[in-house]
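# Results of the structural survey
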Amino acid sequence: MTKSRMKIRDQIMNSNGVAGPAAAGMLRVRIGADRPAPAAQPSADLTGGWAPLTWLGAPAPGGLALPPANPTMAWMYSPRGVFLDEDYLVVADSGNHRVLIWHGVPERDEQPADVVLGQPDGTTEGRAASGRGPERGMNLPTGVLVHDGHLIVADAWHHRILIWNEVPRHSDMAPDLVLGQHGPSPVGPNRGAADQDAPCTADSLYWPFGVAVAGGRFLVADTGNRRVLGWDGGLPDTDRPADLVLGQPDPRHREENRGRGVGADSFRWPHAIAGSDQLLLVADAGNHRVLGWQPHPDRDSDADLLLGQSDFDSADEWPYGPQSGDRFRFPYSVALDGGRLAVADTADNRILLWDQVPLDGRPADHVLAQPTFAANGENRWSSVQRDTLCWPYGISLHGDRLAVADSGNNRVLIWGRN
């Protein structure tokens, strides 16, 4: 399949949520999603001092950022995931089926990565290391995370989680541990079940998208199985079953919204996870909301926080007309740092920010990439600029820095707050 065809396919959401750029959500504190859409707001600065600092990926001559025919260590194709701290920037360069690593935070535009994983070199692309095999290859990687010196990658369409015991300093290194498959070579959904509707188990995965460590658990958004899995004690050191299954009545069920409609205990397409010691947040993209548990659940249970809908039984989408600061359309990612909350409101082509987690149900304090809370156009219906977005899939928040995987623009932007 050509890249152009792949991109068209990946940007169309199919019936089971395994392709496409969509998702939206919010916390059980009712952020007024039942309010009428507001009138256009005056052109006040709503960024709260946030501004783009560094542009990684293809430039945009003529206002359009296009991937190169052949990859480089500097340019990307439809990145879906990103991680940022003071030591690393890690990007899931999903369309090129690889992960890029910068040791240290890049400070100049188009700065090349230091390390590439999933491909034999920085100019090769294609699934499973361009056919070499899955042992050191990937197929549409998405979520990325560095935790306690370990690198974790959700190798989504290989239906597995890859773990390196140290963040690699050299390219083309094989992972030290594979979760969700019987070794480094198998890549079938749910450990090779006969078909996608076969029962899953507590140690199988189907299109896992997001990863996180919070509340003493390692957590995976097992998107295709419509659930979140949790391993007690943090990152596991062996391939073993999860201790927690959230969003399904037991490990063998995988129905969308439990097969009976949206509720406080169900997911449609859980895509990203964020949390603290006491708070767990899940971006339930297909239901256009974020669900939260406070404190962390010790078993499958109802969420007690809600953002993006008027109640737990609603999954409304607002595809047309003005938006607002208290609802989402297909949010694919959520990030939490200290008390600050960020949500990638993917289909509205913006990032919403709260200076503190909105337990009182208030709208976002800031919006990035749009001039008002009502606006939602791709690149503001204009052209690719330094402060515009087109389908932002992944975000990572670290202090006063925010990394955004701006998938539709084939780049990662690092924003800063003065």
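Look up: the structure comes first, before these words.
Residues numbered from 1 in each chain as written. Predicted model: local features only at pLDDT ≥ 70, side-chain atom pairs only at ≥ 80, totals over all residues. Heavy atoms only, no water.

It is worth spelling out unusual backbone geometry at this point. With omega at 5 degrees, the peptide bond leading from Gln294 into Pro295 counts as cis. With respect to the helices, strands and loops of the structure, Pro295 is situated in the loop between β17 (289-293) and β18 (305-307). A positive phi is found at Asn190, a non-glycine position, where the angle reads about 50 degrees. Note on placement: Asn190 falls in the loop between β10 (177-179) and β11 (208-214). If you check the backbone angles, Arg191 has positive phi at about 55 degrees while not being a glycine. The exposure class assigned to Arg191 is buried, which follows from its relative accessible area of 16%. (Helix = DSSP H or I, 4+ residues; strand = E, 2+ residues; numbered from the N terminus. Buried < 20%, exposed > 50% of the residue type's maximum accessible area, 1.4 Å probe, protein only.)

The four strands lie next to each other as β7-β8-β9-β10, forming an open sheet whose pairing is antiparallel. The sheet is open, and its two borders are formed by β7 (141-147) and β10, each paired with just one other strand. Ignoring which end each strand starts from, the neighbouring axes of this sheet average 20 degrees apart. Across five bridges, strand β8 (residues 150-155) lies against strand β9 (residues 160-164) in antiparallel orientation. Its bridge partner lying in β9, Asp155 is registered against Arg160. (Pairing = 2+ DSSP bridges. Axes fitted to C-alpha atoms, helices over the stretch in contact; angles between N-to-C directions.)

Turning our eyes to something else, we now look at the pattern of salt bridges. Once the charged atoms of two side chains with opposite charge are near each other, the side chains can pair. With the rule as written, the count across this model stands at 23 salt bridges. In this structure, the salt-bridge partner of Asp109 is Arg386, at a minimum N-O distance of 2.8 Å. Here the residue Asp109 occupies a position in the loop between β5 (98-103) and β6 (115-117), and Arg386 occupies one in the loop between β22 (366-368) and β23 (392-398), the gap between them amounting to 277 residues. A salt bridge links Asp345 to Arg350; its shortest N-O distance comes to 2.6 Å. Residues Asp345 and Arg350 agree in their burial class; the two are buried. Taken together, the salt bridges that share partners define one network made up of Arg258, Arg260, Asp265 and Asp300. (Salt bridge = Lys/Arg side-chain N within 4 Å of Asp/Glu carboxyl O.)

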